[in-house]
Amino acid sequence: IKDGTLQSWDDVHQWYSHNGLGYADKKHAHAIASLQILKALTPQNLTEETLIELLNEALATKEWITDNITATRAKDYTNPYRLMMYENEAEMNQVIGAFDDNGFIKQEQLACQAYRESILALMQRIQTAQLAGIA
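Position labels on residues start from 1 in each chain and follow its written sequence. Reporting in this predicted model follows two pLDDT cut-offs: at least 70 for local features of residues, and 80 or more for side-chain atom pairs to be given and counted; totals over whole chains, interfaces and linings ignore these cut-offs and use all residues. Just so you know, side-chain values use all the structure's heavy atoms and leave hydrogens and water out.

A.B. asks: Mind showing me how you'd approach the layout of surface pockets here?
C.D. replies: Over the atoms rolls a probe the size of a water molecule, and its path tells where empty space is left. Of the pockets and cavities examined, the largest pocket occupies roughly 410 Å³. What lines the largest pocket is a set of 15 residues, among which Ile 32, Leu 35, Leu 51, Leu 54 and Leu 55 lie closest to the centre. Numbering of helices and strands starts at the N terminus; helices are DSSP runs of H or I of at least 4 residues and strands are runs of E of at least 2. Elements represented by at least two residues in the lining of the largest pocket include exactly helix H2 (23–38), helix H3 (48–78) and helix H6 (103–132). For the lining of the largest pocket, the class distribution of residues is 13 nonpolar, two polar and no charged. Any residue with an atom within 4 Å of a point lines the site, the site being either a cavity, points on a 1 Å grid over the protein atoms alone where a 1.4 Å probe fits but cannot get out, or a pocket, an open set with protein on both sides within 12 Å along at least 5 of 7 lines. Grid points are joined across faces, edges and corners, and a volume is the space filled by probe spheres set on the points. Amino acids outside the nonpolar list (Ala, Val, Leu, Ile, Met, Phe, Trp, Tyr, Cys, Pro) and the charged list (Asp, Glu, Lys, Arg) are all regarded as polar, and Gly is one of them.

A.B. asks: What am I meant to see in the packing of H3 against H6 here?
C.D. replies: Helix-helix packing is characterised by the crossing angle of the two axes and by the distance between the axes. Interhelical geometry of H3 versus H6 gives an angle of 170° and a closest axis separation of 10 Å. When the axis of H3 is compared with that of H6, the two are roughly antiparallel. Tallied by class, residues from the contact of H3 with H6 come to 15 nonpolar, six polar and seven charged. Lines fitted to C-alpha atoms define the axes, with helix axes restricted to the stretch in contact, and inter-axis angles between N-to-C directions lie between 0 and 180 degrees. For classification purposes, an angle smaller than 35 degrees is called roughly parallel, one larger than 145 roughly antiparallel, one from 65 to 115 roughly perpendicular, and anything else oblique.

A.B. asks: Would you explain a nonpolar patch on the surface in this entry?
C.D. replies: A patch consists of residues whose relative accessible area exceeds 30% and which take part in no salt bridge; residues with like charges are grouped when within 9 Å of each other, and nonpolar side chains (Val, Leu, Ile, Met, Phe, Trp, Tyr) when within 5 Å. Residue-level accessible areas treat just the shown protein chains as cover; the underlying method is Shrake-Rupley with a 1.4 Å probe. Each reported salt bridge corresponds to a side-chain nitrogen of Lys or Arg within 4 Å of a carboxyl oxygen of Asp or Glu. Judged by side-chain polarity, Tyr 81, Met 84 and Met 85 come together as a nonpolar surface patch covering roughly 440 Å² of accessible area. Tracing the chain through its elements places Met 84 in the loop between helix H4 (80–83) and helix H5 (89–96).

As structure tokens, then:
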């Protein structure tokens with residue numbers, strides 16, 4: 001914008017669209033590089049067992065996040081200072097919705113389940129490859 005290369009909002013949007021195409025690949029490359037540094041991984045010490053451990057750790061982290069989302073939202077329904085804003089619990093549920101119907105919690109639980117299934121499927125493929133002597 002400063003050097004005049006981008007002269008309109010359309011130019012700006014096109015620039016972001018073009019540069020956004022590689023974002024997922026760059027994000028994955030950064031994640032792998034960070035993981036290599038944090039876990040001191042090298043091609044020599046990245047074994048199938050290490051990969052399974054990392055996948056288990058990732059799954060445990062996702063489950064922990066999901067559990068804490070649920071616990072944090074539950075506090076909204078039990079906090080006496082929040083409850084005092086309403087005549088009773090029924091009125092609160094009418095205004096903010098029932099805890100069991102919370103869309104965000106349901107969405108995160110479904111996402112966690114899908115993540116779990118994809119991780120378990122990936123681990124199964126790794127173990128199958130190990131047994132077949134492919135890996």
